[in-house]
2 protein chains.
Amino acid sequence: MRANYKMQRLFVESDLGEGTRMLLATDQAHYVANVLRMREGGEILLFNGRDGEWRGRIEAVAKKKVEIALVEQTRPQTPPSDLLYCFAPIKKGRLDYLVQKAVEMGAGTLLPVITQHTQVPKLGIDRLQANVIEAAEQCGILSVPHVEEPVKLEKMLENWDENRQLIFCDEAAPDNNPITALERLKGRKTALLVGPEGGFSESERKMLHAADHVTAIPLGPRILRADTAAVAALALVQAVIGDWNS
Amino acid sequence: MRANYKMQRLFVESDLGEGTRMLLATDQAHYVANVLRMREGGEILLFNGRDGEWRGRIEAVAKKKVEIALVEQTRPQTPPSDLLYCFAPIKKGRLDYLVQKAVEMGAGTLLPVITQHTQVPKLGIDRLQANVIEAAEQCGILSVPHVEEPVKLEKMLENWDENRQLIFCDEAAPDNNPITALERLKGRKTALLVGPEGGFSESERKMLHAADHVTAIPLGPRILRADTAAVAALALVQAVIGDWNS
């Protein structure tokens, strides 16, 4: 949505600071040299999740090697988002989408949650983390969300941090206005739980409603796909109690 | 998100009423007979956007012919949504997505708007309308949104209905809380305008800000893709002044 955000951004592992010169990793060097076709003198933004964002200048381009010298820090490091995003993995294409959207919408940690209706045989955490990094590069954030190992819903609730309120999207939520429900959570640490396609089972819904530190919010009269519900719920959370409200 | 919504729903053109017997159109007959592999006695939900939703019973299945007898009306017709959704067409895959999401989120009319950064050589209205129908079948609505012919942004603003407030997503919106901005529009007819990837041009932003009946809302500190911004903005509009707030 920002017209003026055009410079290429790359996430790197190495430290970034005054006078740093560095070689890009092989795949990134390939991308910069052969896909973007950038050459000596080209500029690029780099971040590593710790040292803020830096403008770098390409010093040398060889076949599989791109050397960059940092010119200046363009933005100081921002703290990581505290929003925990718990999601039931869905089918591949839509899962990538779900992860990207969570990053754009400001999730801090992504926790895959296995529910009764979850149908994902093998969840590639590395693939999810790569998706997170790509989304972070595109949406301009400086802190890269972390993808946790999957956990079963029951286990998650058993070990729940009582200082954090879990918000879940429930079609039969008692409160008929999601904004009013969220306003009551102002100032608290929060997590959002998004169910699988097909929703939570009846026993899961009961378990969630019976648990402490859980707030159910409704998302209107229509049936939403899991990925739509995720973005919609994140928008409400950010606008009412998150970083869109500052 | 609804666990209990399992019966197949089909949009049909023909009238639906007590005692109606009907043949499905060829492509739908193929879908029911050969993809779903439904047989005599199977039940299906039908709607046409005028006569509510009806439960039908499959009476006969032949190669390209499926005959259905209506059993009972399951839901009365609901009025169409009054929310006008104006969107700059984006690239194909994401455009389908944008349209589906708008339907799920309760748009009533979809108006493609050509902006300076819009890059879509040929917009297939028929394809968009087919996408709308598929989304309507899935998300359980009874009134099918209509896709209008594309219009240029300037023309749209020139001919704007003064009884309707146009909400647009602007990264530099004066109001720093989208909810407060939306609350001022309670009771008014509304439209939402979502820009293209790359955003509006500076002159377009000026034109929008200078126009009457336009409200700019911010969508947080991160760069959102057009399709993410669309769902996020629709969620806020529905929750604050739309049909999630009833």
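Residues numbered from 1 in each chain as written. Chains lettered and ligands numbered in written order. Predicted model: local features only at pLDDT ≥ 70, side-chain atom pairs only at ≥ 80, totals over all residues. Heavy atoms only, no water.

The name that an unreviewed UniProt entry assigns to chain A is Ribosomal RNA small subunit methyltransferase E, with the source organism given as Nitratireductor basaltis. As stated in UniProt under Sequence similarities (unreviewed entry), the record for chain A gives "Belongs to the RNA methyltransferase RsmE family." The UniProt entry for chain A carries the following comment under Function (unreviewed entry): "Specifically methylates the N3 position of the uracil ring of uridine 1498 (m3U1498) in 16S rRNA. Acts on the fully assembled 30S ribosomal subunit." (UniProt positions renumbered as here; feature names shortened; annotations may be inferred.)

Participant: So what's going on with the overall build of chain A? Residues and values would help.
Facilitator: On a plain count of helices and strands, chain A comes out with seven helices and twelve strands. Along the first, second and third principal axes, the C-alpha atoms of chain A reach 60 × 40 × 35 Å. Counting across all 246 residues of chain A, residues that qualify as buried make up 54%. Taking all contacts inside chain A whose residues are at least 6 apart in sequence as the whole, residues at least 24 apart take part in 72%. When the accessible surface of chain A is split by element, carbon and sulfur atoms take 48% of a total near 11,100 Å². (Helix = DSSP H or I, 4+ residues; strand = E, 2+ residues; numbered from the N terminus. Buried < 20%, exposed > 50% of the residue type's maximum accessible area, 1.4 Å probe, protein only. Contact = heavy atoms within 4.5 Å. Areas by Shrake-Rupley, 256 points an atom, 1.4 Å probe, with all protein chains shown as cover.)

Participant: Before we move on, could you go through the pairing of strand 7 (residues 109-114) of chain B and cite the residues and values that matter?
Facilitator: Residues and elements named next belong to chain B. Pairing of strand 6 (residues 84-87) with strand 7 involves four bridges; the strand directions are parallel. Looking at the pairing, Cys86 lines up with Leu111 of strand 7. Here strand 7 pairs with strand 8 (residues 146-147) via two bridges, running parallel. Counted as the bridge partner of Thr109 is His146 from strand 8. For strand 7 and strand 9 (residues 151-152), the ladder comprises two bridges, and the chain directions are parallel. Bridge pairing in strand 9 links Ile114 to Lys152. (Pairing = 2+ DSSP bridges.)

Participant: Any chance you could break down the domain arrangement of chain A for me, citing the residues and the numbers?
Facilitator: Residue and element names in this part refer to chain A. Domain assignment breaks chain A into domain 1 (9-75) and domain 2 (84-241). Computed over C-alpha atoms, the centres of domain 1 and domain 2 are 34 Å apart. Across the contact, nine residues belong to domain 1 and eight residues belong to domain 2. Both faces considered, domain 1 and domain 2 share a buried interface measuring about 690 Å² in area, 63% of it formed by carbon and sulfur atoms. If you sort the residues of domain 1 by the area they bury against domain 2, Arg9, Phe11 and Phe47 come out on top, with a joint share of 64%. Viewed at the interface, domain 2 and domain 1 are joined by zero salt bridges. Our enumeration of links across domain 1 and domain 2 arrives at five residue pairs in polar contact (both at pLDDT 80 or more). The leading source of residues in the side of domain 1 that touches domain 2 is strand 1 (residues 9-11), at three residues. (Domains from an automatic or database assignment. Buried area = accessible area lost by both parts, 1.4 Å probe. Salt bridge = Lys/Arg side-chain N within 4 Å of Asp/Glu carboxyl O. Polar contact = N/O pair within 3.5 Å; in protein donor to acceptor, adjacent residues only side chain to side chain.)

Participant: Any chance you could break down the relation of the copies chain B and chain A for me, citing the residues and the numbers?
Facilitator: Superposing chain B onto chain A takes a rotation of 180° plus a shift of 0.0 Å along the axis, which leaves an RMSD of 0.0 Å. As the rotation angle and translation indicate, the two copies are arranged about a two-fold axis. Looking at the rotation axis and the C-alpha trace of chain B, the residue lying nearest is B:Ala232, at 2.7 Å. A shared interface surface links the copies, since 98% of the contact residues of chain B are contact residues in chain A too. (Least-squares fit on C-alpha atoms with pLDDT ≥ 70 in both.)

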